[in-house]
Each structure stands twice: as structure tokens, then as C-alpha cells.
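Spelled out from the first residue to the last, the chains are:
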Amino acid sequence: PTGSPTTAAPTTRAPTTAAPTGSPTTKAPTTTGGTSAPTFSAVVEVQSEITFVNLEISAFDDPAFEATFRENYTAAVATNAGVATTDVTIVSISPGSVVVDTVVTFDSADFSGDQATTEAAAVVFAEKIKDNPAAAINSTDPAFNAIAEASGVTATTPAVVKTPRTGSPTTKAPTDPGTLSPTGGARTGAPTTKAPTVDPGTRAPTASPTDAPGGGG
């Protein structure tokens, strides 16, 4: 044979790796509101017994009289104390002439949260009851004032009771958006590797014999 076989060396392509299209991103958890500081307030009570000296307890057998008396008394005390009618409590009305056991509540929430102002207002009203009980229950209703003037009014020395209060702090739970999906289209971000491609390798030898073997002349 006149042609020697030729061999092509195999060629191997290096593997290619697709870069990740996007790494996952995680947002830090955000806390809304946080923990609020405790709120402080104070309640001051003025406790007293105001006596209508010449008023008969039997007058309260009439439900209409009792209802009107309670309404006018509560309104008068609230006005002179500078509080709401809901802050005046008639604990009891008992005989001994007529003794009205009364509690007036001064809440710092009604005084812009100022405890010192709250306490001062309570002390001023307590002094008024002690020094001039008739003035402490002076009413805008003439009929009630007439009862008080005809009866005469006395009072025990009021007790001023301070009760500080602390509000519990409130905490809002943090809100966490969690982990976002990776960005970058359909790919998830994990690298992908293509398998190496190899050329067919060794080519088969090609021979072109010019003469048949063993040929004669």
C-alpha cells in the first residue's frame, strides 16, 4: 500500500459551567412599633363623710327625693372638685342625721398626666371640705342648696389617698418577610455543568493500494 494510515488526535473540549444567575437575597426582619415604655399615672382619692345635720333619713323613703338628692349632690361635688360626675362616688347614705360617705377620684390622666397637679387639686378640694363643707357641695340647683342650708352641713377631716399606677409595656411581634426567591429568570442559581464533548477520536486509516499483492508481470 502506498498510503500510510493517518491518525487524528482526539480533541477534548473543556467542560463549561454556567454561572449562577442570581444568589438568594434575604431581608432582615423588621420590627414594627417595638416595645413601648411603661406609662405611669396616679390616682388620688379624697374620702370624706359629709353630714346634713338636720335632715331626716326618713326623707329618703321617697325614691324620687333620693334620686334627685343623689343627682344634685354628685353634680355639686364634681363641679367644686373640678372632676367629672363619674369620678364622684356615693359610697353610702346612712342615718346619724344624714351622713353621705363620699369618694372623689382625681386621675392624672385627666390632668395631662401631671401627677403633681393631680395631687394639688385633690389637696385643695380636701381643704375646702374641711374648712367649709357647705361650699364643697354648693350646687347650681336652688332646691338642693335650700336643703343644705336648712340642714346645716359638717364634715369629717378628709383622707387623701394616693395610688400610683404603672401601665404594662406592650410589645409588637416582629414581622419577618423571610427569604426571597433567587432572582434571574427560570434558573434557580445553582451552577450547571455541561459534559465534555469529545471528537470522534482516531480516524480509521485510509489506504489506497496501487498494486494488488502477488500480481504477476
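Remember, it's a predicted structure, so these values are computed and weren't measured experimentally.

About the criteria used
Residues numbered from 1 in each chain as written. Predicted model: local features only at pLDDT ≥ 70, side-chain atom pairs only at ≥ 80, totals over all residues. Heavy atoms only, no water. Helix = DSSP H or I, 4+ residues; strand = E, 2+ residues; numbered from the N terminus. Buried < 20%, exposed > 50% of the residue type's maximum accessible area, 1.4 Å probe, protein only. Areas by Shrake-Rupley, 256 points an atom, 1.4 Å probe, with all protein chains shown as cover. Core = buried A, V, L, I, M, F, W, Y, C linked by side-chain atoms within 4.5 Å. Contact = heavy atoms within 4.5 Å. Salt bridge = Lys/Arg side-chain N within 4 Å of Asp/Glu carboxyl O. Pairing = 2+ DSSP bridges. Phe/Tyr/Trp six-rings, centres within 6.5 Å; stacked < 30°, edge-to-face > 60°. pLDDT = per-residue confidence, 0-100.

1. Some words on the overall build of the protein
Helix and strand counts for the protein stand at 4 helices and 7 strands. Each of the 217 residues in the protein was classed as buried or not, and the buried ones make up 24%. Total accessible area computed for the protein in this model is approximately 13700 Å², and 56% of it derives from carbon and sulfur atoms.

2. Concerning the nonpolar core
In this structure, Phe52, Phe69, Tyr73, Phe106, Phe125 and Ile137 are the most contacted members of the largest nonpolar core, which totals 29 residues. Put simply, the parts of the chain that give this core at least two residues each are β2 (40–52), α1 (63–81), β3 (88–95), β4 (98–107), α2 (115–131) and α4 (142–151). Broken down by element, the residue count for this core peaks at 5 residues, all from α1. Excluding residues within four positions of it along the chain, tyrosine 73 makes contact with Ile50, Phe52, Ile90, Val100, Thr102, Ile137 and Phe144.

3. Details of the pattern of salt bridges
Counted by the stated rule, this structure contains 3 salt bridges. Between glutamate 66 and arginine 70 there is a salt bridge, with its nearest N and O atoms 3.1 Å apart. Of the two residues, glutamate 66 and arginine 70 both sit in helix α1, 4 residues apart, roughly one turn of that helix.

4. Here's the deal with the environment of valine 123
One can find valine 123 in helix α2. In this structure valine 123 comes out as partly exposed when scored by relative accessible area, which is 39%. With 79 residues separating them along the chain, valine 123 and valine 44 place their C-alpha atoms 9.1 Å apart.

5. Examining the pairing of β3
When β3 meets β4, the two strands line up antiparallel, connected through 7 bridges. Within the sheet, the bridge partner assigned to isoleucine 90 lies in β4 and is threonine 102. Linkage of β3 to β4, two consecutive antiparallel strands, is achieved through a turn of 2 residues, within which glycine 96 is found at a positive phi near 130 degrees.

6. Points about the packing of aromatic side chains
Ring pairs (aromatic) are described by centroid distance and by the angle formed between their planes. Applying the stated rule across the entire model yields 11 aromatic pairs. Grouping aromatic residues by their ring pairs yields a cluster made of Phe52, Phe60, Phe65, Phe69, Tyr73 and Phe144.

7. Overview of the confidence of the model for the protein
Averaged over all residues, the pLDDT of the protein equals 77, while 57% of them reach at least 70. Confidence over residues 179–188 falls short of pLDDT 50; this stretch has 16 contacts with residues more than four positions distant or in other chains. Every residue in residues 204–212 scores below 50 in pLDDT, and together they form 12 contacts with partners more than four places removed in sequence or on other chains.

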